[in-house]
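Single-letter residue listing:
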Amino acid sequence: MNYISHPSAIIDPGAQIGDGTRIWHFCHLMPGAIVGERCTIGQNVFIDNNVMVGNGCKIQNNVSLYNGVVLEDDVFIGPSVVFTNVINPRAFIERKSEFRATIVARGASIGANVTIVCGVRIGEYALIGAGAVITKDVPDYALVVGNPGRIIGQVDKEGNRVRPL
């Protein structure tokens, strides 16, 4: 075990955690969770079964990664980002067979309080502004803001705005 976890974190047997990862207060990693190397998992993060977190990711406080979410390497997830995994949930209907995968590609950054509707792909090095609602795929290097999310420009690999629309 070459990772660090706070004593209040719950890491279920079977969860896979890479070297150098740090897991903070009140986190819960389910048995089928896979977390890469050198990640930072902030306070009160839930990582479900069938979730893959790549190397070098940073997940800020109060984020739940539900079944089917994939974060590629070097992804930043801001505080209180909301992921979904069913398009039309009902408390009285089980729709686990209808989960839709959400892919956040290498180097993408998602700002605080963003909501991501399941089944989308957020492109490499894309930057999603705080509070946006993502309902469709986001191209590589896109700068997206608003509700619904709309592309307002492009960013470079470091996240600097390089071109407005």
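In what follows, the accompanying structure is described.

Here we take up the pattern of salt bridges. Applying the stated rule across the entire model yields four salt bridges. Note that Asp-140 and Arg-121 form a salt bridge whose closest N and O atoms lie 3.3 Å from each other. Of this pair, Asp-140 sits in the loop between strand S20 (133-134) and strand S21 (142-145) while Arg-121 sits in strand S18 (residues 121-122), and the two are 19 residues apart along the sequence.

With respect to topology, ten strands assemble into an open sheet ordered S1-S4-S7-S10-S13-S16-S19-S21-S22-S23, the strand pairing being mixed. In this open sheet, the two edge strands, each paired with only one partner strand, are strand S1 (4-5) and strand S23 (161-164). By the bridge criterion, two bridges tie strand S13 (residues 76-77) to strand S16 (residues 109-110) in an arrangement that is parallel. Note that in S16 the partner of Phe-76 across the bridge is Ser-109.

Time to look at the pairing of S23. The sheet contact formed by strand S22 (residues 150-155) and S23 spans three bridges and is antiparallel. From the neighbouring strand, Gly-153 faces S23, where its bridge partner is Pro-164. Hairpin connection of S22 to S23: five residues between the antiparallel strands, including Gly-159 at a positive phi of 90°.

Rules behind the numbers
Residues numbered from 1 in each chain as written. Predicted model: local features only at pLDDT ≥ 70, side-chain atom pairs only at ≥ 80, totals over all residues. Heavy atoms only, no water. Salt bridge = Lys/Arg side-chain N within 4 Å of Asp/Glu carboxyl O. Helix = DSSP H or I, 4+ residues; strand = E, 2+ residues; numbered from the N terminus. Pairing = 2+ DSSP bridges.

Geometry only, nothing functional implied.
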